Protein chains: 2
Amino acid sequence: MRLPIWISNRHIHLSQIDVEKLFGKGYQLTKLRDISQPGQFACNETVSISGPNGKIQNVRVVGPTRKESQWEILMWDNFTLWTKAPVKISGGDMNEAEGVTVVWPVGEVYVTHGLIVAQRHLHCTTKEATDMWLKNWDIIKIKIPGQRWLVFENVAVRARDDYALDFHIDIEEANAAWIVPWSRWEIVE
Amino acid sequence: MRLPIWISNRHIHLSQIDVEKLFGKGYQLTKLRDISQPGQFACNETVSISGPNGKIQNVRVVGPTRKESQWEILMWDNFTLWTKAPVKISGGDMNEAEGVTVVWPVGEVYVTHGLIVAQRHLHCTTKEATDMWLKNWDIIKIKIPGQRWLVFENVAVRARDDYALDFHIDIEEANAAWIVPWSRWEIVE
């Protein structure tokens with residue numbers, strides 16, 4: 001199969017409460033461009049994230065707002081910030097997700113939970129899942145052939161009627177597999 | 001098995017000719033610390049690498065000098081520098097390895113070849129290889145279990161009596177697999 005692969009850089013999802021803490025009372029996020037999942041968009045807004053040691057600037061906000069804020073960083077950022085963000089599925093249970101981070105552009109938010117490294121996952125509609133003999137929350141393996149051939153295990157299936165088909169990984173995972181626009185991928189189990 | 005994994009950041013190996021171009025006539029590299037392979041060492045010396053677009057500072061030199069210089073970058077650095085370094089085995093045939101980079105601390109070197117992203121490999125002595133039913137230049141698969149479970153395919157076996165056992169990958173590959181000091185690995189084929 002030669003299907004879409006979506007590669008994320010570090011980014012954050014914000015609650016409206018945190019949007020207002022960061023950008024001012026009544027502030028609304030503004031759209032820069034659509035991204036792979038319907039209704040989701042990269043915002044013009046960016047923030048800085050500070051950990052106990054270092055700081056990362058120009059982290060993109062992804063809209064629309066969510067019930068809870070979620071800060072999705074790269075594994076490498078844990079070394080830059082001196083944080084210990086665990087690998088968790090985006091939008092999943094955040095209770096265990098560590099947060100020790102202060103973020104600001106105008107105001108500041110002290111993050112007590114929701115700092116994660118996103119778990120690789122496959123987005124698809126319910127029908128696409130059924131066609132592939134899969135269902136929501138299945139765990140599958142995906143193979144990316146090539147010179148940096150990798151088999152990604154522990155890929156969570158996220159099937160919902162308003163999702164679009166894509167295999168969703170982060171920049172480090174993409175580079176480890178040398179993913180290029182014409183990369184093929186295959187579900188192996 | 002719970003055996004050593006060696007994680008490389010970007011680094012360069014230099015010929016004595018390039019050492020002198022960069023640091024001055026008669027200059028000798030100086031040792032900062034030993035690294036995993038016997039006789040190899042991280043140097044006190046660092047350089048900057050410039051591509052058509054960007055620049056990366058503080059790239060560590062690894063000694064001793066080699067017959068030919070070799071510039072081992074991360075896949076991500078190709079985006080920073082606007083280069084197209086291919087994945088190649090370190091110390092292997094460099095004819096195809098693209099080079100478009102100017103490097104300097106004191107002097108400058110214009111790199112016409114030898115700019116690569118290192119291919120993942122397993123170092124071991126000839127005896128260790130034989131004990132694992134392997135030989136030099138075999139291609140194997142190595143599995144890293146865990147939450148970011150990965151199977152690395154296309155791992156080149158580099159067996160030589162003066163090598164020490166380690167599975168050698170770069171930072172992006174390590175982060176994609178969430179490798180921590182106590183990570184287990186296993187040869188699966």
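As shown above, the structure is provided for reference.
In what follows, the accompanying structure is described. Note that the structure is a prediction, hence the values are computed from the model and not measured.

What counts as what
- Residues numbered from 1 in each chain as written.
- Chains lettered and ligands numbered in written order.
- Predicted model: local features only at pLDDT ≥ 70, side-chain atom pairs only at ≥ 80, totals over all residues.
- Heavy atoms only, no water.
- Contact = heavy atoms within 4.5 Å.
- Buried area = accessible area lost by both parts, 1.4 Å probe.
- Salt bridge = Lys/Arg side-chain N within 4 Å of Asp/Glu carboxyl O.
- Buried < 20%, exposed > 50% of the residue type's maximum accessible area, 1.4 Å probe, protein only.
- Helix = DSSP H or I, 4+ residues; strand = E, 2+ residues; numbered from the N terminus.
- Arc of directions from axis to C-beta.
- Core = buried A, V, L, I, M, F, W, Y, C linked by side-chain atoms within 4.5 Å.

Quick look at the interface of chain A and chain B
Now for step 1: Counting from both sides, the interface comprises 25 residues of chain A and, opposite them, 25 residues of chain B.
Now for step 2: Summed over both partners, the interface of chain A with chain B comes to about 2,300 Å²; 54% of that surface belongs to carbon and sulfur atoms.
Now for step 3: On the surface where chain A and chain B come into contact, there are 4 salt bridges.
Now for step 4: For R148 of chain B, the salt bridge is made with E173 of chain A, and the minimal N-O distance between the two is 3.7 Å.

Here's the deal with helix α1 (residues 16-23) of chain B
Residues and elements named next belong to chain B.
Now for step 1: Every buried residue belonging to α1 is among D18, V19, L22 and F23, and all of these are buried. The buried residues of α1 all sit within an arc of 110° when viewed along its axis, so they share a single face.
Now for step 2: Two residues or fewer past α1, G24 is found with a positive phi of approximately 115°.

A look at the nonpolar core
Now for step 1: Within the largest apolar cluster, 42 residues are counted, with the highest numbers of intra-cluster contacts made by I144, F152 and F167 of chain A together with I144, F152 and F167 of chain B.
Now for step 2: Among residues more than four places away in sequence, those in contact with F167 of chain A are P4, I5, W6, H121, L122, I142, I144, F152, V155 and W185 of chain A.

Quick word on unusual backbone geometry
Now for step 1: Along the chain, G63 of chain A connects to P64 of chain A via a cis peptide bond; the corresponding omega equals 0°.
Now for step 2: Counting through the fold element by element, P64 of chain A comes out in the loop between β5 (55-63) and β6 (70-72).
Now for step 3: A positive phi angle is found at W133 of chain A, which is not glycine, with a value near 60°.
Now for step 4: By the secondary structure assignment, W133 of chain A is in the loop between α3 (126-131) and β12 (139-144).
Now for step 5: Located in the positive-phi region is N154 of chain B, a residue other than glycine, with phi close to 60°.

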